[in-house]
Amino acid sequence: MKIAVPKETWEGERRVGLVPESVSPLLKIGLSVTVETGAGASAGFSDDDFAQAGAEITSGDVLAAGDVVFKVRAPSPAEVERLRPGTVLLALMDPAVNESLIAGLAGRKVSVLSLERIPRITRAQSMDVLSSQATVAGYMAVLMAAQRLPRFFPMLMTAAGTIKAAQVLIIGAGVAGLQAIGTAKRLGARVKASDVRPAAREEVESLGARFVGAELLDEAAKAEGGYAKEQTEEQKARQKEVLRDSISKTDVIICSALVAGGRAPVVLDAPSVEVMKQGSVIIDLAAEQGGNCALTQPGQEVIHQGVTICGLLNVTSMKAADASRMFSRNLTNLMKHLAPKGEMANLAEDEIARACLVAHDGQVWSGGSPATEAGAAGGKS
Ligand code: NAD
């Protein structure tokens, strides 16, 4: 089987689905690799790097050449047309948004594994693209905050006197939030964090941060797979009240709270932002899902009463080399699981693949089984 790696076409996307160091593990299981000319350039990997690793470089139609396509973003409609029937596509498909695109792929008899749906089970941890990319996002959020804050992060004792450490609050202590805690602490800030899942408290404290809002923790907030459930209106109001004091003393807030399959919870409303100090910074990693701050404008940086609010989009592309490296390792691990001897497993019968299938055998799939006939949603091509 041939793995094909196209250059990403989504505007602003710098990552690539496979990096040179992952070529050899794929060759070892009997696969071959073809990479489109320039596919890794914006992530810092040259065609020569890929060629030296054993990949074939092509300026031809790489999408039509592969049996399995490694992609970061969902294909454009034009790219869908170039995929051959029987191809297996691995990509972050954003299935809630791309329904008709997926119906079109099913209509072309392309099998599609939507990488957001890798199940959160121990066996699949090394394939978990959402976790690896959240790590990048958590790290970048802190660096961006440190750059924008008109203060130092660490305490400094200088001839000009002592400068106090910055206070950082992380809301949502999942994978991104925990990485943000570690990064902010390494920069010398005083770090607090809050979440609604009880398990998060121990993780926050084990990183040396202070947990705030212990009274908000609720076993019932936990959904399957480590996700959180949406809170009731009453809980949401209580959370704003409980966090208000910490917010008023904070220089930086990193928002990374998400709930299973829904819009991001709004944890910061305008009155919460207005109690923050002048020059404070909010980095909203949940901007793509609507934002944890009511004033967030996705993709933009706004200033509200002296507080800078960044609605980050595509933050992982800012560290495209390592984000791609992690993504590529995730996909390579998935391929080693699905084709340990170079032959593709029956996707419909494999627990991990089945959970991710959104198109297979001419049908749209959802939740591990066919959802509808291909093209029924109007996307058949
Ligand atoms: P996520 O991105 O879905 O959510 C981020 C965090 O926001 C979560 O910790 C969630 O509890 C929190 N949150 C939701 N609503 C909130 C609110 N109103 N206020 C404050 N916080 C709120 O989650 P994630 O980062 O992907 O992971 C969550 C957990 O799942 C972690 O403990 C992680 O270790 C675990 N996990 C396990 C696996 C695996 O076993 N394969 C894979 C990924 C994640």
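### So, the overall build of the chain
Looking only at helices and strands, one finds 12 helices and 18 strands in the chain. Based on the C-alpha atoms only, the size of the chain along its principal axes is roughly 65 × 50 × 35 Å. Across the 381 residues of the chain, 51% fall into the buried class. Residue pairs at least 24 apart in sequence account for 64% of intrachain contacts in the chain once pairs closer than 6 positions are excluded. Of the roughly 16,400 Å² of accessible surface on the chain, 50% is carried by carbon and sulfur atoms. Each charge sign in the chain was given a centre, from 40 positive and 43 negative side chains, and these centres are 5 Å apart.

### Observations concerning the packing of helix H6 (residues 129-148) against helix H7 (residues 175-186)
Two elements in contact, H6 and H7, have axes whose closest approach is 7 Å; the angle formed by their N-to-C orientations is 40°. Put simply, H6 runs oblique to H7. Crossing geometry of H6 relative to H7 is assigned as right-handed. Contacts between H6 and H7 involve Ser131, Ala134, Thr135, Gly138, Tyr139, Val142 and Leu143 from the first element and Val175, Ala176, Gln179, Ala180, Thr183 and Ala184 from the second. In the contact of H6 with H7, the residues fall into eight nonpolar, five polar and no charged.

### Overview of the confidence of the model for the chain
Reading fine detail from the predicted coordinates is not recommended where pLDDT is low. Taken residue by residue, the chain gives an average pLDDT of 95. The fraction at 70 or more is 97%. In this model, residues 373-381 is a region of pLDDT below 50 whose contacts with residues beyond four sequence positions or in other chains number 19 contacts.

### Re the pattern of salt bridges
Tallying each qualifying case throughout the model produces 19 salt bridges. Across the salt bridge formed by Lys236 and Glu233, the nearest N and O atoms sit 3.3 Å from each other. Taken together, the residues span about one helical turn, with Lys236 and Glu233 both in helix H9 (residues 233-248) at a distance of three residues. By relative accessible area, Lys236 is classed as buried at 14%. Within the structure, one salt-bridge network assembled from shared partners comprises Glu21, Asp322, Arg325 and Arg329.

Cut-offs applied
Residues numbered from 1 in each chain as written. Predicted model: local features only at pLDDT ≥ 70, side-chain atom pairs only at ≥ 80, totals over all residues. Heavy atoms only, no water. Helix = DSSP H or I, 4+ residues; strand = E, 2+ residues; numbered from the N terminus. Buried < 20%, exposed > 50% of the residue type's maximum accessible area, 1.4 Å probe, protein only. Contact = heavy atoms within 4.5 Å. Areas by Shrake-Rupley, 256 points an atom, 1.4 Å probe, with all protein chains shown as cover. Lys, Arg positive; Asp, Glu negative; His and termini not counted. Charge placed at Lys NZ, Arg CZ, Asp CG, Glu CD. Axes fitted to C-alpha atoms, helices over the stretch in contact; angles between N-to-C directions. Parallel < 35°, antiparallel > 145°, perpendicular 65-115°, else oblique. Left-handed = near helix turned anticlockwise from the far one by under 90°. Nonpolar A, V, L, I, M, F, W, Y, C, P; charged D, E, K, R; others polar. pLDDT = per-residue confidence, 0-100. Salt bridge = Lys/Arg side-chain N within 4 Å of Asp/Glu carboxyl O.

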